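Working through the structure, step by step
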Amino acid sequence: MPQPSPLRSRPAAHPAAKGRRGRVVLGLCVGLAVTLAAGLAGVAAGRNDRLELNAGLQQSGVLPVPEETASRAAAYWQGRLDGSHPGTTNPARSGASAAGGAVTATAGPGPVPVVVSESPPAPPPSTPMKVSDPLAGTAFTGVPQVGAIFSTSNGAATGHYCSGSVVDSPQGDIVVTAAHCVADTTGYVSDIAFVPGFHDGQDPYGVWEVTNIVVPPQWLSDTDPDDDVAFLTVHLAGSASRVQDVVGGDRLGVDAGYTNLVQVVGYPASTQEPVTCTNYTSEFTDPSLSGPQLEFDCDDYPSGTSGSPFLAKVDSNTGLGTVIGVIGGFETGGDTPQVSYSVSFGPAVAALLGTAEAKS
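Not measured: the values here are computed from a predicted model.

This part is about the overall build of the chain. What the chain contains, in helices and strands, is seven helices and 19 strands. The burial tally for the chain puts 53% of its 360 residues in the buried class. Restricting to contacts in the chain with at least 6 residues of sequence separation, those with at least 24 account for 74%. Element-wise, carbon and sulfur atoms account for 55% of the exposed surface of the chain, whose accessible area totals about 14,700 Å².

Shown next, in the form of structure tokens:
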């Protein structure tokens, strides 16, 4: 296993300074180039649409996104991405479908439904995870529950700049990402949308509005890398569907230790497909940190992959696993594409998820 990289100096606190948070990328994709050219021409690097923090928000860590702003950002991308827009549950991913049991059929020409009992075929055994060879992010079409976080800036396109994944929750509407993707000590972003399963300019599961951002209050005080995790609540405009019902949700894993075989799926800002790589995590320490973090060594995780989930115990049949970290933390996720970091999820992250659930 690769040894941890040499210790590095702590970066500037502002999220735009370093790390995997994607900056504006002019080469979004050939298919969208004509549509987005006018919007991209005048867009400067960085994030412009922000809401200021007040004392109450800093204390709670719950950052509401105004409905008008959330709807505008989601509608902007919904109109520009070429994909299907579900308004109902995807049966391939829903818990109800997985339970099997009954299928409704029609008896002859009459309208009376007949319920036919049916046991679904047993899924094949899950293929064990294995270390990637080579140790580099490989482009693929993605998994439904992991998506790209898209932004606008002053009404113009800036593309996707971070990654996130749906986590299992009672309300079924929560996404985990890195705190530095959505907030710092001066304010928080208000012009973002989550696109699960995004690839090749398509949004196969729709564009989801971000309605609340939940971050550790400590992050809003000093952007400490030990607090670099956030939860988003999302919903699909005009639909009662929950994102977890449509794409599934990864379990949240806490106190998993520092050595785990994980798959990391994320969205480089300069491409239109996610990348995947599987390797063992290791324990990383640095004097600037209050405790150890997770290190993941795999090449080709550049800007845009902040917030990518560290997925342990992935079921090869469903693509779902247990998320034990996200790219972020030390150096806001890492200063090079070869080495990535994450906060090690513990009780504080579980409590933060509880706060997000209460705001769902």
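This part covers the layout of surface pockets. What the second largest pocket holds in volume is close to 310 Å³. Around the second largest pocket, the lining is made up of 20 residues, and of these Asp226, Asp227, Val343, Ala348 and Val349 lie nearest the centre. For the lining of the second largest pocket, the elements supplying multiple residues, two or more each, are α5 (217-222) and α7 (347-358). In terms of residues, the lining of the second largest pocket owes the most to one element, α7, which gives six residues. Classifying every residue of the lining of the second largest pocket by side-chain character gives eleven nonpolar, seven polar and two charged.

Looking now at the confidence of the model for the chain. Overall, the predicted model of the chain reaches an average pLDDT of 82, with 75% of residues at or above 70. Across residues 1-18, where pLDDT falls below 50, the model places 48 contacts with residues more than four positions away in sequence or in other chains. pLDDT under 50 marks residues 87-110. Its contacts with residues more than four places away, or in other chains, come to 40 contacts.

Among the nonpolar cores identified, the biggest contains 33 residues, and Leu63, Val182 and Ile213 are the most heavily contacted of them. Every element with two or more residues in this core is listed here: β7 (156-167), β9 (187-189), β10 (192-196), β11 (208-214), α5, β12 (230-235) and α6 (243-247). Counting 16 residues, the second-largest nonpolar core is a separate cluster that includes Ile174, Val176, Val214 and Phe231.

Inspection of every chain in the model, using the stated rule, returns two disulfides. Residue pairing for Cys277: its cysteine sulfur links by disulfide to Cys298, the two sulfurs lying 1.9 Å apart. A torsion of 90° about the S-S bond marks the disulfide between Cys277 and Cys298 as right-handed. Here Cys298 lies in the loop between β16 (293-297) and β17 (309-312) and Cys277 lies in strand β15 (residues 275-284), a separation of 21 residues in the sequence.

Our focus in this paragraph is the packing of aromatic side chains. Aromatic rings in a pair are described by how distant their centres are and how their planes are angled relative to each other. Scanning the entire structure with this criterion turns up nine aromatic pairs. Pairing Phe150 with Phe198 gives two aromatic rings, centres 5.0 Å apart and planes at 80°, and the pair type is edge-to-face. One end of the pair, Phe150, is in strand β6 (residues 146-153); the other, Phe198, is in the loop between β10 and β11, with 48 residues separating them in the sequence. Overall, the relative accessible area of 2% leaves Phe150 in the buried class. Given the relative accessible area of 0%, Phe198 is considered buried.

Our focus in this paragraph is the pattern of salt bridges. If you walk through the whole model with that rule in mind, you get three salt bridges. A salt bridge links Glu68 to Arg72; the nearest nitrogen and oxygen atoms lie 3.9 Å apart. A residue pair is termed a helical-turn pair when its members lie 3 or 4 positions apart in one helix, as Glu68 and Arg72 do in helix α3 (residues 67-78) at four residues.

Turning to a nonpolar patch on the surface, a few remarks are in order. A cluster of nonpolar side chains, Val131, Leu135 and Tyr280, forms an exposed patch at the surface whose accessible area comes to about 220 Å². With respect to the helices, strands and loops of the structure, Leu135 is situated in the loop between β4 (113-118) and β5 (138-139).

The side chains of a regular strand alternate, first on one face of the sheet and then on the other. For β16, a buried count of five out of five residues is recorded, marking the element as mostly surrounded by other parts of the structure. Strand direction decides the pairing type here: β15 and β16, joined by four bridges, are antiparallel. Considered in β16, the bridge of Phe284 is made with Gln293. For β16 and strand β19 (residues 339-342), the ladder comprises four bridges, and the chain directions are antiparallel. Across the sheet, residue Leu294 finds its bridge partner in β19, namely Ser342.

The rules behind these values
- Residues numbered from 1 in each chain as written.
- Predicted model: local features only at pLDDT ≥ 70, side-chain atom pairs only at ≥ 80, totals over all residues.
- Heavy atoms only, no water.
- Helix = DSSP H or I, 4+ residues; strand = E, 2+ residues; numbered from the N terminus.
- Buried < 20%, exposed > 50% of the residue type's maximum accessible area, 1.4 Å probe, protein only.
- Contact = heavy atoms within 4.5 Å.
- Areas by Shrake-Rupley, 256 points an atom, 1.4 Å probe, with all protein chains shown as cover.
- 1 Å grid on protein atoms, 1.4 Å probe; cavity = no way out; pocket = protein on both sides within 12 Å on 5 of 7 lines; lining within 4 Å.
- Points joined across faces, edges and corners; volume = space filled by probe spheres on them.
- Nonpolar A, V, L, I, M, F, W, Y, C, P; charged D, E, K, R; others polar.
- pLDDT = per-residue confidence, 0-100.
- Core = buried A, V, L, I, M, F, W, Y, C linked by side-chain atoms within 4.5 Å.
- Disulfide = S-S within 2.5 Å.
- Phe/Tyr/Trp six-rings, centres within 6.5 Å; stacked < 30°, edge-to-face > 60°.
- Salt bridge = Lys/Arg side-chain N within 4 Å of Asp/Glu carboxyl O.
- Patch = residues over 30% accessible without salt bridge, like charges linked within 9 Å, V, L, I, M, F, W, Y side chains within 5 Å.
- Pairing = 2+ DSSP bridges.

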